[in-house]
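Examination of the molecular architecture
In case you want the letters, here they are:
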Amino acid sequence: MSELDRLAAATLQPSFPGHVVPDWVARWLERGLGGITLFAYNVRDPEQLAGLTGTLRSHRPELLISIDEEGGDVTRLEADTGSSYPGNFALGAVDDVALTEAVASAIAGELASAGLNLNLAPVADANTNPRNPVIGVRSFGSDPELVARHVAAFVNGTQRQGVAACAKHFPGHGDTAADSHRELPVIEGDLDAGLLPFRAAIAAGTQAVMAGHLLVPALDDAPATLSRSILTDLLRGELGFDGLVVTDALEMAAVSATFGVEEAAVRALIAGADSLGLGHDLHEDAVESVHAAIVDAVRTGRLPEERLAEAADRVAALCRWAAPTSAGAAGRAAGAEAARRALRG
């Protein structure tokens, strides 16, 4: 396998259904696949999950294994029963950053024990639009300053466990009235307010930022995930972020319906993304086609090989940084305390 093939594989972060590693995933891991995203369909119990991540790393020790474990409505570890941890809105209502940090640390402890090294959290969107159909209680609240301090606390609590945090959805999905799973949302409000929580996440040292499929007409006519103005000039240049840029799932209609998954992947890399999340429903065929599109884009001169190598290097750097070793941290007592304090009579 050529070096170009391995560089392209390193930027991919697909998924697979089931509790065991399929043969096709094992083959791609040997070819240099950089990451795997796990979903509820991969989780039966903590012991099984730890075995699954162990098998993945037996094929490729240097591997990002990510999951969406926000707490509240978004849980993969406890999808059948509901999360033991209240979501962000409840934590924002309590407004105790030490408690938010403790909850994040407890969640990350469970991820670390199961062999995961990247949590696709916290949600850093300030939910300033009451008609928002997808963020809602996933946000810490509607006040960007409150959201910012809790995002920083969540990052600190997560990364204390050797698990990387990923602030999402840059540059802010809160002031929208559309769901990027279904269509392309447009941001026309106060961009600076929406960026405040991301500035806080970066100041707290977040290892990753997830780019959202969001149109910001004031900055570009391309979605943020595919925009060099937003990912390179704004996120890296103005905000000074030098960690891993992850894309939201490329299967989402906000980009796939217009560009197609393969073209969106190439454009995201050109724009400055490093790790390409493919999504819940795209598996072996998508890995083959997206990988081929990336290789072709380099060979035809659309995508500089130096940009692809930079992206692959960032994936490898995060793998080296992450060192999940926790045995569960504070346990679920932090979740129970947060839920009790969030209740209002």
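Read on for a plain summary of the structure. Note that the structure is a prediction, hence the values are computed from the model and not measured.

Procedures and definitions
Note on numbering: residues in each chain are counted from 1, in written sequence order. In keeping with the model being predicted, local features are shown solely for residues with a pLDDT of at least 70 and side-chain atom pairs are shown and tallied solely at 80 or more, while totals for entire chains, interfaces and linings include all residues. Water and hydrogen atoms play no part in the side-chain values, which are based on all heavy atoms of the structure. Sulfur atoms of two cysteines make up a disulfide when they are within 2.5 Å. Throughout, exposure labels follow a simple rule: accessible area from a 1.4 Å probe, protein chains only, divided by the maximum for the residue type, with under 20% read as buried, over 50% as exposed, and the rest as partly exposed. Going along the chain from the N terminus, every DSSP run of H or I of four or more residues is numbered as a helix, and every run of E of two or more is numbered as a strand. The span expected for a helix works out to 1.5 Å for each residue beyond the first. What makes two residues a contact is simply this: any of their non-hydrogen atoms within 4.5 Å. Note on terminology: a nonpolar core comprises buried Ala, Val, Leu, Ile, Met, Phe, Trp, Tyr and Cys residues joined through side-chain atoms within 4.5 Å. Paired strands, in this sense, are two strands between which DSSP finds at least two bridges. Think of it like this: strands point away, you trace from the first strand over the helix to the second, and a clockwise trace means the crossover is right-handed. Each salt bridge in this description consists of a side-chain nitrogen of Lys or Arg and a carboxyl oxygen of Asp or Glu lying within 4 Å of one another. Of the grid points, spaced at 1 Å and generated over the protein atoms alone, those admitting a 1.4 Å probe that cannot get out make up cavities, while open sets with protein on both sides within 12 Å along at least five of seven lines make up pockets; any residue with an atom within 4 Å of a point is treated as lining. Grid points are joined across faces, edges and corners, and a volume is the space filled by probe spheres set on the points. In this count, Pro and Cys sit with the nonpolar residues alongside Ala, Val, Leu, Ile, Met, Phe, Trp and Tyr, while Asp, Glu, Lys and Arg are called charged and the others, Gly among them, polar.

**A short note on the state of the cysteines**
The final tally for this structure, using the stated rule, is zero disulfides. C166 forms no disulfide, and the closest cysteine sulfur to it belongs to C319, at a distance of 14 Å. Of the residues examined, C166 reaches a relative accessible area of 0% and is grouped as buried.

**Examining helix α11 (residues 284-299)**
Compared with an ideal rise of 1.5 Å per residue, which puts 16 residues at 22 Å, α11 spans 23 Å between its outermost C-alpha atoms and is within 8% of the ideal. Those residues of α11 that fall on the buried side of the exposure criterion are A286, V287, V290, H291, A293, I294, V295, A297 and V298. Buried positions along α11 lie against α1 (3-10), β1 (12-13), α2 (23-30), α10 (261-271), β8 (276-277) and α12 (305-321).

**Quick notes on unusual backbone geometry**
The omega torsion across K168 and H169 is 5°, close enough to zero to call that bond cis. Secondary-structure assignment places H169 in strand β5 (residues 164-170). Between F170 and the following residue, P171, the backbone shows a cis peptide bond with an omega angle of 5°. Structurally, P171 can be placed in the loop between β5 and α7 (191-203). A positive phi is found at D95, a non-glycine position, where the angle reads about 55°.

**Some details on the nonpolar core**
Core analysis: the largest hydrophobic core is formed by 89 residues, its most contacted members being L38, L56, F170, I294 and L308. In terms of residue count, α11 provides more of this core than any other element does, eight residues in total. Ranked by size, the runner-up nonpolar core spans 12 residues in total, among them L64, A208, L244 and L318.

**Here we look at the pairing of strand β3 (residues 64-67)**
Both faces of β3 are covered, namely the face carrying L64 and S66 and the face carrying I65 and I67. Direction of pairing for strand β2 (residues 35-38) relative to β3: parallel, over a ladder of four bridges. Bridging from a neighbouring strand, T37 pairs with S66 of β3. Viewed along the sheet, the connection from β2 through helix α3 (residues 46-59) into β3 turns out right-handed. Relative to strand β4 (residues 118-119), β3 is paired through two bridges, and the arrangement is parallel. Note on β4: the bridge partner recorded for S66 is L118.

**Brief notes about the pattern of salt bridges**
It is possible for side chains of opposite charge to pair when their charged atoms get near one another. In the structure shown here, the tally under the stated rule is 16 salt bridges. Note that K168 is salt-bridged to E70, the shortest N-O span being 2.9 Å. Of the two residues, K168 is situated in strand β5 and E70 in the loop between β3 and α4 (88-94); the sequence distance between them amounts to 98 residues. R302 serves as the salt-bridge partner of E263, at 2.9 Å between the closest nitrogen and oxygen. Of the two residues, E263 is situated in helix α10 and R302 in the loop between α11 and α12; the sequence distance between them amounts to 39 residues. Looking at E263, the relative accessible area reads 24%, which means it is partly exposed. The network of salt bridges with shared partners includes D68, E70, R76, R138 and K168.

**A short note on the layout of surface pockets**
There is about 440 Å³ of room inside the largest pocket. Surrounding the largest pocket, 28 residues form its lining, D68, R76, H181, D248 and A249 being those nearest its centre. Listing elements by their share of the lining of the largest pocket, those giving two or more residues are β5 and β7 (244-247). Per-class residue counts for the lining of the largest pocket are 10 nonpolar, 10 polar and eight charged.

**Concerning the pairing of strand β6 (residues 208-211)**
In regular strands, side chains alternate between the two faces of the sheet. Burial along β6 is two-sided: A208 and M210 and V209 and A211, pointing in opposite directions, are all buried. Where β5 and β6 come together, three bridges link them in parallel fashion. Looking at β6, one finds that A167 is bridged to V209. Two strands pair when backbone bridges link them, and β6 and β7 are joined in this way by four bridges, in the parallel orientation. Across the sheet, the residue bridging to V209 is V245, located in β7. Read as a crossover between parallel neighbours, the route from β6 over helix α8 (residues 228-238) to β7 is right-handed.

These results come straight from atomic positions and should not be treated as a statement about function.
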